[in-house]
Amino acid sequence: MKQLFLCFNFCLGLLPVVSQIQFQDASVFLANKAVFSGAPIGVVDMNGDGLDDIVRLDKTRQLVIDYQLDTSDFFAGQTFMNISFSLWSICVADINHDGYNDIFTGGASGDLNILFAKEHGSAYLTQRKIHAIFPQGSNFVDIDNDGHSDLFICNDTGVSVAFKNDGSGAFSEDSSLIYPISTVPSNNSGNYAAIWTDFDNDNDLDLYISKCAVGVQNPNDGRRLNLLFRKDGPGQWTELADSLGLQPKGQSWSTDFADIDNDGDLDCFIINHDIRSSLLLNKGDGHFVNINDSSGIVAFTGSIEMGIQGKFADFDNDGFVDLLLTNDSPSGHHLLLRNNGNLTFSDFSDSIPAPKRLQSAAIGDLNNDGFLDILGAYAKGFNFPDTVPDNLFLNRGNKHHYLKILLKGLVSNPNGIGARLECYGPWGKQIREVRSGEGYGVMHSFTQHFGLGTAEYIDSLIIKWPSGWRDKIYVPNIDQTLFVTEGETCQTSLDFIAVASGFTYQFLANPDSLARQWMWTFGDGNSSEEAQPIHTYDSTGYFEVCLEILSICGSTQSICKTIEITATSTSSPQEGKTPYLLFPNPGSEQINLRWEEKADEPVSIRLYNIAGQEISFDSKSQTLQSAQLVLPSLPSGRYQFAILTERGKWYFLAFVKN
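Residues numbered from 1 in each chain as written. Predicted model: local features only at pLDDT ≥ 70, side-chain atom pairs only at ≥ 80, totals over all residues. Heavy atoms only, no water.

Caption draft 1: Focus on the overall build of the protein chain. Broken down by element type, the protein chain carries 2 helices and 52 strands. If you line up the protein chain on its principal axes, its C-alpha atoms span 85 × 55 × 50 Å. When each of the 658 residues of the protein chain is scored for burial, the buried share is 60%. For the protein chain, the computed accessible surface area is about 24,400 Å², with 51% contributed by carbon and sulfur atoms. Seen as two clouds, the 44 positive and the 80 negative side-chain charges of the protein chain have centres 4 Å apart. (Helix = DSSP H or I, 4+ residues; strand = E, 2+ residues; numbered from the N terminus. Buried < 20%, exposed > 50% of the residue type's maximum accessible area, 1.4 Å probe, protein only. Areas by Shrake-Rupley, 256 points an atom, 1.4 Å probe, with all protein chains shown as cover. Lys, Arg positive; Asp, Glu negative; His and termini not counted. Charge placed at Lys NZ, Arg CZ, Asp CG, Glu CD.)

Take a look at the structure:
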């Protein structure tokens, strides 16, 4: 933390540090103080120095940037051109691979504006296109996963539009990327906010659109029915909002997804205007259930009649994401709800010393101290600037630890948009996703932030890139910002086991092999390119089984083992006796895992299908000696449990689902 801010903090007096959230108005540090933004604002690094900057559209028309300095609490400011008028949305990404972030912003008149960064992010060149759409929320996202960030725009007056990036920053409308029409026939209008997220943990991005049709009272009208498009393959999408419990049938404004209970799947908050906003818990199988009452938020959200922005973020660094909600209702106020770590929330709204309700907000670390800060803006109506200038609210912090990560894509898009980060430690597993453009036309920082509470170490950090590459960093130092380039820590370890039933064997490679191509040779003249092949031998004897893989890191590895085939083979001799017992096997929805030997270390348990894709499930009553595993509605077939001990040893158990 910088010296001036330390003095400012001291002079105001310190609050208790344990699980406390408190902000102070630090607008005096802004270079551009008299800026009146309305809704579209952003916090993101604009000059490539790794520090979050502030991007605003003064009076919703003029580009203004405050650059964070690493030597002072004060920002350096620059005012740029008037772009247009009544701009409603902003998102940021490096769209032409030059190392600096560019800007999209769009307005009510159909202006679609790309602002290309020049001179190391200190100047911008505008490219304007007129299109018959009314932009609301917008996103840069690599929809076709070709390494270039495409553009998706929520359209208030018709179907939302996807624009393909050719890699140079030139965009062309392309409905083959996605054509998100209403499931109930309509004119497809009312698209207010989009969020691209991997809600089903299958390693590709899905799309959720919040919809609102002002004046339309019928809750079943297609213009106001939210849409969830699950990606099923290149250009293939299935709409599932209603069947998965993500259809509130309200006038929805914006939505956020995050893991509120650190159980490895993403939960959801939907801002609605005509019905109660919804906190929805992922049950682990991709279905969601409303927990407004049990979580306690129902006592607070009545004041959010006209919510605008909703964002999950860990403001007190305790390891659980909190929830910030902004509001358009003159009779209401904004909310900051602290996550208590047990699926309940407490009201800390008074911790933000705003002069009035916040209409909009963008989140990032604006003094580089490891705690998330808030850029707040005010408006009349939905996007008409107020007479109150924007405010910078700096988090006063506490003694909790943190880790921040900023990504640089090589095979993936330059910002790593769509990457998932998983942080493992004493808390279990935390998840973050890299996004560009969120909520109702705002931009939050690309730098991913994990609060660690009082934990003094991290077991590992896994980065799952859109390209399929994976980086794994063991025991990274805490209280720092990691700058990770795609592939620099991409590591694999190859092993396999053979599960026997007479002359028939199933061969299973360990998940950490990160293979994308397999070549098995079974020692009898036969081979297979399947991930988990089943092979039947014709005779007894000794056979050398070899596996060669091409990993997602681009490396080739191989391993060979000799197995003995007998008429009564029941397992792989070279593996010896596994210390785990799985029963019943075959089984159905609930099975048991028991440690046959005395266990002295915790383990993590993962489930994979025959294609090597990880499957979510619930682990109940897990101790050092046993666990009850509740499986989702899986198709019948063969699966593999992977058990990872704290010391890093893998065990594999084949499982057959009835």
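Caption draft 2: Looking closely at the pattern of salt bridges. On inspection of all chains with the given rule, the structure shows 21 salt bridges. With a shortest N-O distance of 2.3 Å, aspartate 144 and lysine 164 are connected by a salt bridge. Residue aspartate 144 is found in the loop between strand E10 (135–141) and strand E11 (150–155), and its partner lysine 164 is found in strand E12 (residues 161–165); the two are separated by 20 residues along the sequence. Overall, aspartate 144 belongs to the partly exposed group, its relative accessible area being 29%. Among the salt bridges present, the one from lysine 164 reaches aspartate 146, with a minimum N-O distance of 3.0 Å. (Salt bridge = Lys/Arg side-chain N within 4 Å of Asp/Glu carboxyl O.)

Caption draft 3: Structural context of the pairing of strand E31 (residues 401–408). Of all 8 residues making up E31, 7 are buried, and the element is well covered by its neighbours. Bridging between E31 and strand E34 (residues 448–453) involves 5 bridges; their strand directions are antiparallel. For leucine 403, the partnering residue across the bridge sits in E34 and is phenylalanine 450. Taken together, the 5 bridges between E31 and strand E37 (residues 481–485) define a ladder with parallel strand orientation. The residue of E37 that forms the bridge with lysine 408 is threonine 485. (Pairing = 2+ DSSP bridges.)

Caption draft 4: The state of the cysteines, seen in detail. In total, this model carries 1 disulfide according to the counting rule given. Linked covalently through their sulfurs, cysteine 546 and cysteine 560 form a disulfide whose S-S length is 2.0 Å. The S-S bond linking cysteine 546 to cysteine 560 shows a torsion near 110°; that makes this disulfide right-handed. You can see cysteine 546 sitting in strand E43 (residues 541–551) and its partner cysteine 560 sitting in strand E44 (residues 556–565), a full 14 residues away along the chain. We note that cysteine 154 lacks a disulfide partner, and the nearest cysteine sulfur, in cysteine 91, lies 10 Å from it. The exposure class assigned to cysteine 154 is buried, which follows from its relative accessible area of 0%. (Disulfide = S-S within 2.5 Å.)

Caption draft 5: Representation of the environment of threonine 521 in the model. Mapped onto the elements, threonine 521 comes out in strand E40 (residues 515–521). Spatially, the C-alpha atom of threonine 521 lies 8.7 Å from that of glutamate 548, the residues being 27 residues apart in sequence. Ignoring any residue separated from it by four or fewer positions in sequence, one finds threonine 521 in contact with Asn526, Ser527, Glu544, Val545 and Cys546. (Contact = heavy atoms within 4.5 Å.)

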